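# Chain and residue survey
Listed below are the residues making up each chain.
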Amino acid sequence: MNSDERDCECALPQAETSPAGGYDRIQEESDIENTEASRMKRAAAKHLIERYYHQLTEGCGNDSCWNAWCSSSRGSHRLDNNAAAVKALELYKINAKLCDPHPSKKGTTMNHCVRDDFKDVNYLTEEKVNEILHICGEKEDYSPLIRVIGRVFSSAEGLVQSFRRSKPPTKEELKSLQSKDEDKDEDEEEAAACSAAAMEEDSPGSSSRLDGAASGDNVGKLGPDEVSVDIDAVRRVYQRLLSNDKIEAAFLNALVYLSPNVECDLTYHNVYSRDPNYLNLFVVVMENSNLHSPDYLEIALPQFCRAMSKLPLPALAKLARLWSHYSAKQIHRIMETFQQLITYKVVSNEFNSRNLVNDDDAVVAATKCLKIVYYANVMGGEVDTEHNEEEDEEPIPESSELTLQELLGEERRNKKGPRVDPLETELTIRTSDSRRPLIPFEEFVNEPLNDVLEMDKDFTFFKVDSESKFSFQSCPFILNACTKSLGLYYDNRISMYSERRITALYSLVQGQQLNPYLRLKVRRDHIIDDALVRLEMISMENPADLRKQLFVEFEGEQGVDEGGVSKEFFQLVLEEMFNPDIGMFTYDESTKLFWFNPSSLENEAQFTLIGIVLGLAIYNNCILDVHFPMVVYRKLMGKKGTYLDLADSHPVQYQSLKELLDYEGDVEEDMMITFQISQTDLFGDPITYDLKENGDKIPVNADNRKEFVCLYGDYILNKSVERQFKAFRRGFQMVTNESPLNCLFRPEEVELLICGSRVRELICGSRNLDFHALEETTEYDGGYNKDCRIIKDFWETVHSFGEEDKRLFLQFTTGTDRAPVGGLGKLKMIIAKNGPDTDRLPTSHTCFNALLLPEYDTKEKLKERLLKAVTYAKGFGML
C-alpha cells in the first residue's frame with residue numbers, strides 16, 4: 001500500500017519532468033490507463049487494513065477464537081486505538097490470518113449499517129454534521145463521524161465544497177463575524193479510533209483538481225472581502241465537535257494528509273486562478289480554535305503554513321480583507337496560532353550563525369502567514385488613507401558623482417528607494433495609515449525569534465539575496481525596535497563605506513584628493529552659523545556627502561571625534577535651535593513639547609538644518625534631546641496631521657473641539673463661532689484666517705461642526721506651518737531618502753530611534769531609568785571587577801542619586817541623557833581604573849561610553865567627586 005501511495009502522489013511531478021517526445025506521451029497514456037487499477041488496488045488494501053483494525057479492537061465475536069490477533073481470543077491483549085491502527089498495518093504487510101465474523105457477535109450488522117450510511121458523503125454542511133452526530137449518538141458509535149471528518153477534511157475538493165452559503169454574505173452577516181466566540185460547554189460521547197479516519201481516505205494523490213463545474217457558482221459574484229463559505233456555520237460545527245478528544249484527533253490527522261497536497265496544488269497547478277473558492281479550505285481550517293495546541297505544532301501546523309504561504313498575492317489580499325472583518329478576539333486567536341508555532345520552533349532548535357533561523361521552513365512560513373493577520377489587523381482598526389503629505393515639487397538633488405559611478409559600473413544603492421511590500425501594494429494600505437489597530441502592534445513582536453536572529457546575515461539577505469533567501473526585515477512587524485535599529489545601523493555603515501569607496505575612486509579618476517568623511521569644524525559660540533553654512537553648501541552641491549561618516553571638531557579643542565564629539569555637537573545645535581528666544585518653535589509647558597512657530601521670522605534654511613540634524617543623528621546612531629509630539633513623526637512618514645493629533649500636540653484646543661462635537665444644545669446660538677479663526681503672531685498681534693471662503697459669514701452649527709473641526713485641525717497642524725515643515729522634512733530626507741527607515745519603522749519607533757526612551761517617559765509622567773539593568777551589563781577594565789569595594793560603593797552611590805543626577809551622570813558618561821532603544825540594558829558601559837586615590841575628578845570617553853574612575857579611599861569622597869564631575873562637565877580635552 002505504501003508504494004502505491006507514493007506512486008500515486010508522485011505521478012504528476014514525474015509527468016512534468018519526463019523526457020520530451022513520443023515516449024513521454026506513451027508513458028502519460030499508460031499512467032492514465034493504470035489510474036483506475038491503482039484506485040481499486042488501493043481501496044482493497046484499505047478495506048483489508050480496516051478489517052484487521054476492527055478485529056483488533058472489536059474481535060470476531062467467537063468466544064472460542066484462537067487467533068492471537070483477535071480481541072475475542074482469550075490470550076489477546078487490549079490495544080488502544082492508535083496502537084491498533086499501527087498493528088493493523090503490520091498484519092496487512094505479513095498477510096496475517098483474518099477471522100470470519102461470528103454470528104454471535106452482537107451489533108455487528110447494526111454497526112456496519114451505520115458505517116455504510118455515510119460513505120457517499122464527500123462534503124459537509126452544518127445540517128449534515130448535525131444529522132450524523134444525532135445518528136452516532138443514538139448508536140453510541142462515533143467512528144462513522146470520525147471517518148467522514150477524515151475523508152472530507154483531508155480532501156481539498158471536499159473541503160472547498162463544504163459549508164457553502166446559499167448566497168453572498170450581507171453587510172450585516174459580515175458584521176456578525178465580529179461576534180465573540182462562545183464558550184465550549186457541550187460534552188461529547190467517547191469516540192472510536194481516530195487513526196481509522198485516515199485509512200478511510202479514498203482519493204489518490206492530490207484530490208483537488210477543481211474545475212468551474214465544481215466551484216459552486218450558485219453563490220453569485222463575490223466581493224473582494226467575501227468568500228462562499230458560511231463562517232458562522234463552520235464555527236458552530238467546530239464548537240460542537242472539538243470538545244471530544246478523539247474527534248479532534250481526526251481533524252489533526254486529516255490536516256497532516258491535506259497540507260502536502262494543497263501545497264502541491266498551489267505550487268504546480270495554479271488552482272486558485274481556476275477556482276477562487278479554493279481559498280475556502282484555508283478559511284475553514286483556520287477556524288479551528290485548537291490549532292495552537294501542542295499536538296498541531298510538531299507536524300500538522302508547519303505543513304499547513306507552508307501550504308498557505310504558497311497562496312498567490314490576490315488570495316493573500318482577499319484573506320487579509322476577510323479577516324479584517326473579524327473581531328479583535330478572533331484576530332488575536334489567529335495571530336497567537338502562528339506566534340505559538342514560531343516560538344515552539346525557535347525554543348526547540350538551537351539556532352546560531354551556522355544554523356540560521358532564516359533557513360527553518362516552518363518559522364519562515366508561519367511568519368509569512370502572520371503577515372496576512374498583521375494587515376488584517378491594520379485594516380480592521382481605525383485607518384486613515386486620505387490625509388497624506390504631498391511630495392516635494394522640487395526633488396532632492398542627486399549626487400554629482402553619479403556619472404562617475406556609472407562609468408565605473410557602480411549603481412547607487414537603493415536608487416529607487418526602499419522596496420514596498422507587494423501585499424501592502426495589493427491592499428493599498430500602509431502601516432502608517434493605522435490610527436489604532438484591532439490589537440496592539442506589540443503583540444506581533446516575537447521576542448524569542450529576535451533573540452536568535454543573526455541580524456548581520458539577515459541584513460545581507462534583505463539587501464543582496466532577497467530572491468533566494470528570506471529576510472525577517474521583509475516582515476518588520478515581528479521584530480522589536482532594538483533589532484530593527486541594528487539592521488538600520490548596518491545599512492548606514494555600509495552606506496558610509498560605500499561613499500568612502502566612491503570618493504577614493506573619484507579621487508583616482510580626477511587626480512585630486514577628496515575628503516572621505518563629512519567633516520564639520522565649528523566654533524562653540526557660533527555653532528549655528530558655522531554648521532548652517534557648511535551643511536547648506538553640502539546639501540546644494542552634493543547631498544551624497546551627508547551620507548558620509550560624520551566627524552566634528554570644535555575649534556580650539558583637542559577632542560578627537562569617535563562619536564562623543566558628535567553627540568556634543570548635536571546637543572548644542574538643538575539647544576540653540578529650540579531656544580524660545582529665537583522663535584523657531586513654541587513650547588507648551590503642560591505637555592513639555594515643542595511645535596513649529598507659524599509666525600517664525602527665520603528662513604527655511606534654519607528648518608532644513610534641523611531636519612538634516614535629525615537625519616544625521618539617525619544615520620550616525622546618536623540619540624537627541626528632542627521633544628516633538630507624535631504628529632511630527634507621522635508627518636515625516638508621509639501622513640498629514642488631523643484633528644485627533646491635536647490631543648498630543650495642542651491638548652487645550654483638542655478638548656475645546658471635542659466639547660464642540662459633543663455639545664447637545666444649540667451650537668449656533670450658544671457657541672456663536674464662525675469658520676474664521678484668529679491667532680496671535682510673534683509680536684502678540686491677532687491674525688485671522690478663513691477656514692472656508694467668506695468664513696466669517698458662515699456660522700458653525702450642528703450640521704457643519706464636524707467639517708469645522710477637521711478644517712481647524714488641518715490648519716493648525718498642516719497649513720499654518722506648511723513652509724516650516726516642508727523645509728524641515730526636506731532636510732530630513734536629504735539624509736534618509738535612501739534608507740529603509742520608512743519600510744522598517746512605525747512613527748512611534750522613529751521617535752524612539754531619534755530620542756531614546758526618555759521623551760515618552762517624560763510625557764507619560766514617568767522619569768524612571770533602570771540603572772539596575774545598566775549595572776548588569778557594565779564591563780570593567782584596568783583591574784576593576786564587580787566585586788571590588790570601589791565598584792560596590794560606586795553603584796550604591798549611583799542608585800542613591802535622584803532622577804536629575806542620574807540624567808546628568810548619563811550625559812557625562814555617554815554624551816546623552818537618554819536610554820537607547822531597548823533601555824539601559826542595551827547600553828554597553830565600561831568602568832576603568834584611573835589610578836589610586838587622588839583629588840582628581842572622574843573623566844569619561846563619551847565616544848566609547850567609558851568612565852575613568854580613580855580608586856577613591858572612601859565612599860563619601862567618591863560621591864562628592866562624582867557629583868562635581870557630572871554637574872560641571874563641559875568641553876573636550878586630550879588626556
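Values in this document were obtained by computation on a predicted structure and should not be read as measured data.

Parameters and conventions
- Residues numbered from 1 in each chain as written.
- Predicted model: local features only at pLDDT ≥ 70, side-chain atom pairs only at ≥ 80, totals over all residues.
- Heavy atoms only, no water.
- Pairing = 2+ DSSP bridges.
- Helix = DSSP H or I, 4+ residues; strand = E, 2+ residues; numbered from the N terminus.
- Axes fitted to C-alpha atoms, helices over the stretch in contact; angles between N-to-C directions.
- pLDDT = per-residue confidence, 0-100.
- Contact = heavy atoms within 4.5 Å.
- Salt bridge = Lys/Arg side-chain N within 4 Å of Asp/Glu carboxyl O.
- Buried < 20%, exposed > 50% of the residue type's maximum accessible area, 1.4 Å probe, protein only.
- Core = buried A, V, L, I, M, F, W, Y, C linked by side-chain atoms within 4.5 Å.
- Parallel < 35°, antiparallel > 145°, perpendicular 65-115°, else oblique.
- Nonpolar A, V, L, I, M, F, W, Y, C, P; charged D, E, K, R; others polar.

## Focus on the sheet that holds strand β11 (residues 843-845)
With mixed pairing, 4 strands are arranged side by side in an open sheet as β9-β10-β12-β11. Either end of the sheet is taken by a strand with one partner, and the two such strands are β9 (779-781) and β11. Neighbour-to-neighbour, the strand axes of the sheet open up by a mean angle of 25°, direction not taken into account. The pairing of β11 with strand β12 (residues 850-853) spans 3 bridges and is antiparallel. Directly across from Ser844, in β12, lies its bridge partner Leu851.

## Section: the confidence of the model for the protein
Parts of the model with low pLDDT should not have their predicted coordinates read in detail. Taken over all residues, the pLDDT of the protein has a mean of 79, while the share at 70 or more is 80%. The model gives residues 180-219 a pLDDT under 50, and that stretch makes 109 contacts with residues more than four places away or in other chains. A low-confidence stretch, residues 758-767 (pLDDT under 50), is modelled with 22 contacts involving residues beyond four sequence positions or located in other chains.

## Focus: the pattern of salt bridges
Within this structure, the stated rule accounts for 35 salt bridges. Notably, a salt bridge pairs Glu382 with Arg436, separated by 3.9 Å at the nearest N-O pair. Of this pair, Glu382 sits in strand β1 (residues 382-383) while Arg436 sits in strand β2 (residues 434-436), and the two are 54 residues apart along the sequence. Relative accessible area serves as the criterion here: at 54%, Arg436 is assigned to the exposed category. Residue Arg746 is joined to Glu442 by a salt bridge in which the shortest nitrogen-to-oxygen separation is 3.6 Å. Taken together, the residues Arg746 in the loop between α33 (741-744) and α34 (747-755) and Glu442 in the loop between β2 and α21 (447-452) connect sequence positions 304 residues apart.

## Overview of the nonpolar core
Of all hydrophobic cores here, the largest spans 100 residues; its most connected members are Phe153, Leu281, Phe282, Met308 and Trp323. Among the elements that make up this core, the one with the highest residue count is helix α18 (residues 361-380) (12 residues). Leu546, Phe570, Met584 and Ile677 belong to the second-largest nonpolar core, a separate cluster that totals 79 residues.

## Observations concerning the packing of helix α38 (residues 803-814) against helix α39 (residues 859-871)
Here α38 crosses α39 at 70°, and the two axes come no closer than 8 Å. Overall, the two elements α38 and α39 adopt an arrangement that is roughly perpendicular. Each of Asp805, Leu808, Phe809 and Phe812 in α38 lies in contact with α39, whose residues at this interface are Leu866, Leu867, Ala869 and Val870. Residues of the contact of α38 with α39, tallied by class, amount to 7 nonpolar, no polar and 1 charged.

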